[in-house]
Amino acid sequence: MVAISLLVASLFTLALGKPTTRNLQVHEAREEIPAGFSLRGAASPDATLKLRIALVQGNFAELEQRLYDVSTPSSVNYGQHLSKEEVEQYIAPKPESVDAVNSWLAENGLTAKTISPAGDWMAFEVPVSKANELFDADFSVFTHDDTGLEAIRTLSYSIPAELKGHLDLVHPTVTFPNPQSHLPVVSSPVKAAAAGENITARAVPSSCASSITPACLQAIYGIPTTKATQSSNKLAVSGFIDQFANKADLKTFLTRFRTDIPSSTTFTLQTIDGGQNNQSPSQAGVEANLDIQYTIGVATGVPTTFISVGDNFQDGDLEGFLDIINFLLGESAPPQVLTTSYGQNENTISRNLATNLCNAYAQLGARGVSILFASGDGGVAGSQSSSCRTFVPTFPSGCPFMTSVGATQGVNPEMAADFSSGGFSNYFGIPSYQQSAVSSYLSALGSTNSGKFNRSGRAFPDVATQGVDFEIVVGGRTEGVDGTSCASPTFASIISLVNDRLIAAGKSPLGFLNPFLYSTGASAFTDITSGSNPGCGTNGFPAKAGWDPVTGLGTPNFAKLLTAVGL
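So, here's what we can say about the structure. (Residues numbered from 1 in each chain as written. Predicted model: local features only at pLDDT ≥ 70, side-chain atom pairs only at ≥ 80, totals over all residues. Heavy atoms only, no water.)

1. Some thoughts on the overall build of the chain
Along the chain, the regular secondary structure elements total 15 helices and 26 strands. In terms of its C-alpha atoms, the chain occupies a principal-axis envelope of roughly 75 × 55 × 55 Å. The buried share among the 567 residues of the chain stands at 57%. Summarising the internal contacts of the chain: among those between residues at least 6 apart in sequence, 81% fall at separations of at least 24. Summed over its atoms, the accessible surface of the chain is roughly 21,400 Å², and 51% of this surface lies on carbon and sulfur atoms. (Helix = DSSP H or I, 4+ residues; strand = E, 2+ residues; numbered from the N terminus. Buried < 20%, exposed > 50% of the residue type's maximum accessible area, 1.4 Å probe, protein only. Contact = heavy atoms within 4.5 Å. Areas by Shrake-Rupley, 256 points an atom, 1.4 Å probe, with all protein chains shown as cover.)

2. Topic: the sheet that holds strand S3 (residues 48-55)
Judged by pairing direction, the sheet is antiparallel, and its 4 strands sit side by side in the order S4-S5-S3-S9 without closing on themselves. Two strands in the sheet have a free side with no partner beyond their single neighbour: strand S4 (113-114) and strand S9 (167-171). Two strands pair when backbone bridges link them, and S3 and S9 are joined in this way by 4 bridges, in the antiparallel orientation. Across the sheet, Ala54 pairs through a bridge with Leu169, a residue of S9. On top of the sheet, helix H4 (residues 95-107) reaches S3, strand S5 (121-127) and S9; it is set at about 160 degrees to S3, its chief contact. (Pairing = 2+ DSSP bridges. Axes fitted to C-alpha atoms, helices over the stretch in contact; angles between N-to-C directions.)

3. Side note on the environment of Pro45
Looking at the element boundaries, Pro45 is found in the loop between strand S2 (37-42) and S3. On the basis of relative accessibility, which here comes to 47%, the residue Pro45 falls in the partly exposed class. Considering only alpha carbons, one finds Pro45 and Ser140, 95 residues apart in sequence, at a separation of 9.8 Å. Setting aside its immediate chain neighbours within four residues, Pro45 contacts Pro127, Val128 and Ser129.

4. Some points on the pairing of strand S23 (residues 470-474)
Among the 5 residues of S23, 5 are classified as buried, and the element is accordingly described as predominantly covered. What you see with S23 is no split at all: Phe470, Ile472 and Val474 on one side and Glu471 and Val473 on the other are buried throughout. In this structure, the hairpin formed by S23 and strand S24 (residues 477-481) is closed by a connection of 2 residues, where Gly475 is found at a positive phi of approximately 60 degrees.

5. Concerning the packing of helix H10 (residues 321-329) against helix H11 (residues 351-366)
Contact geometry for H10 and H11: axes closest at 10 Å, N-to-C directions at 25 degrees. By the angle between their axes, H10 is roughly parallel relative to H11. The chirality of how H10 crosses H11 is left-handed. Counted together, Phe321, Leu322, Ile325, Leu328 and Leu329 of H10 and Leu357, Ala360, Tyr361, Gln363 and Leu364 of H11 form the full contact between these two elements. A class-by-class count of the residues in the contact of H10 with H11 yields 9 nonpolar, 1 polar and no charged. (Parallel < 35°, antiparallel > 145°, perpendicular 65-115°, else oblique. Left-handed = near helix turned anticlockwise from the far one by under 90°. Nonpolar A, V, L, I, M, F, W, Y, C, P; charged D, E, K, R; others polar.)

6. As for the state of the cysteines
Here is the idea: a disulfide is a covalent bond, and it sits between the sulfur atoms of two cysteines. Across all of its chains, the model carries 3 disulfides by this definition. Disulfide pairing is shown between Cys358 and Cys399; the S-S distance is 2.0 Å. Between Cys358 and Cys399, the S-S torsion sits near 80 degrees, and that sign places the bridge as right-handed. Remark: Cys399 occurs in the loop between strand S17 (394-395) and strand S18 (403-409) and Cys358 occurs in helix H11; sequence separation between them is 41 residues. Each member of the pair, Cys358 as well as Cys399, carries the same accessibility label: buried. Sequence-ordered numbering of the disulfide-bonded cysteines in the chain gives the connectivity 1-2, 3-5, 4-6. (Disulfide = S-S within 2.5 Å.)

7. Regarding the sheet that holds strand S6 (residues 140-144)
Spatially, 3 strands are ordered S2-S6-S7 in an open sheet, and the strand pairing comes out antiparallel. What marks the edges here is a single partner per strand, and that holds for S2 and strand S7 (150-153). Across the sheet, the mean angle from the axis of one strand to that of its neighbour is 35 degrees, orientation sign disregarded. Bridge count between S2 and S6: 5 bridges; the pairing is antiparallel. Bridging across to S6, Leu39 finds its partner in Phe142.

8. Details of the pairing of S24
Extensive coverage of S24 is indicated by the burial of 4 of its 5 residues. Pairing between S23 and S24: 5 bridges, direction antiparallel. Considered in S24, the bridge of Ile472 is made with Glu479.

9. Side note on the nonpolar core
Ranked by size, the top nonpolar core spans 144 residues in total, and within it Phe135 and Tyr361 carry the most contacts. Once residues within four sequence positions are removed from consideration, Phe135 is found in contact with Leu24, Leu51, Trp104, Phe124, Tyr157, Ser158, Ile159 and Val170. (Core = buried A, V, L, I, M, F, W, Y, C linked by side-chain atoms within 4.5 Å.)

10. Observations concerning the environment of Ser532
With respect to the element layout, Ser532 can be found in the loop between strand S25 (525-526) and strand S26 (555-556). A polar contact of 3.3 Å, which involves the side chain of Ser532, links it to the backbone oxygen of Asn539. (Polar contact = N/O pair within 3.5 Å; in protein donor to acceptor, adjacent residues only side chain to side chain.)

11. Quick notes on the packing of aromatic side chains
Applying the stated rule across the entire model yields 28 aromatic pairs. Plain terms: the ring middles of Tyr441 and Trp547 are 5.7 Å apart, the flat faces sit at 85 degrees to each other, and that makes the pair edge-to-face. Taken together, the residues Tyr441 in helix H12 (residues 435-445) and Trp547 in the loop between S25 and S26 connect sequence positions 106 residues apart. Like Trp547, Tyr441 is buried. A connected cluster of aromatic rings, assembled from ring pairs, spans Phe60, Tyr68, Phe401, Tyr433, Phe512 and Tyr518. Of note, Lys247 hangs over the ring of Phe267, and the distance from its end group to the ring centre comes to 5.4 Å. (Phe/Tyr/Trp six-rings, centres within 6.5 Å; stacked < 30°, edge-to-face > 60°. Lys NZ or Arg CZ within 6 Å of the ring centre and 35° of its normal.)

12. Thoughts on unusual backbone geometry
For residues besides glycine, phi is generally negative; the peptide bonds are generally trans as well. Residue Pro172 is bonded to the preceding His171 through a cis peptide linkage, with omega at 0 degrees. With respect to the secondary-structure elements, Pro172 resides in the loop between S9 and strand S10 (191-192). The residue Asp136 is not glycine, and still its phi comes out positive at about 50 degrees. For Asp136, the position within the fold is in the loop between helix H5 (128-135) and S6. A relative accessible area of 18% places Asp136 in the buried class.

Everything listed is a geometric property; what it means functionally is a separate question.
So this is what it looks like as structure tokens:
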């Protein structure tokens, strides 16, 4: 009781010591310190905070309408994707918003620089003492219990009432770092090839029940081995947390598993935020190698780019997730497909920030880019298996403007992989394109898991592919890995090969996939009806006929996809 009394007294003293509010209104707040973090104490008044401000976007609602207009097969404007300039016209903040925020900053002796193509993100530096005064905040030092990671954050912040409708959010404030948020969603290696073993002989379809190679995926999904022909059709693979894609390992992989294409086939490199791609064998990344080997090794002949995001983040705790999107939005011709095998739990990021990043995916989608993410590896417990009472949706899979990819295992028939994350967002409502499919599932589910998930949330994953026992080469050795991070690059490769055929036929690439997938594209998927994704002390969600929150609409059939797109 004494300790509690002292704590209350301390908090009261802090409250009395805060500056007088100047018509400030609470803008974002957390009810409590996030699980796994502890308050260490007040931050040094002189410590420098690198803050970012998101301005309210000029007309996102109309951009969203345009996105669906060009992405829905029944629309007369299907495939007529927007230009960079058109998207920026919708996103650029209104002049009065820019003026209001800049004037407020100037009144406080601050100047911000623009850090996004459309001008909707700004950045500035400020000492803690000034930030506390500006935002009526208590920036303090919080420590992550398991890793010792320290971060200066506040549990709430306010903005002047006159900036409501102009200022969307300030970051990083109430969003805490998550040391495990961007770990590769891939399991530890499950096996290694024996020395001298004939790898090529194992890569035949009869072995696919225990080991997945490009030949297996080609056989299971009907993926062609013929080379793509359109040089304008590009596939991008994102890389984070110093995961490097090793070219020597790729050559070894192709020599063993794709003897029908030159082993010298490689990728191009783009870097942002000080990124690099160290080629030392000891620096070869399991995740990066997996992603590159199963794009180049499956999307035969499609020009592939590895985008390495360094540690000089411009987007705070998003750790490059927004930076890579702003980078691609700044390109005149971004890649037609982007696959990412990293993610985090939705509850680790503030609702405003999640919405802002989700809207950035919509911008790329409107320009004709298919954005794919691995759904996560914790079943209903989130991106990684953890203890929980209610189901934990992952981010960005809950965002309606991207395509979430779950995992399956086995052949004839395939079944759900038990780690495949899936469920329902707590931040985003269910989009119209999946309303019917999800409603059918919820009716069949009945009262199972009642109260453990948001029945009205955006549901994920959207689709699935194989995700267990993928053979990859790391440091010259063959290993086997599991994860939805196997599935996302696989599905990205399939979409890239469909895009190649579309472009060759004089048609537009698929772009934002979901309205197509849940309508004319649904018939191109093999329904997965067995398995589940346990977690949180439950059996999770069961796979059922039709869409389900373990394997989505099912797994793709390449020939049927071509038919569905009119080829």
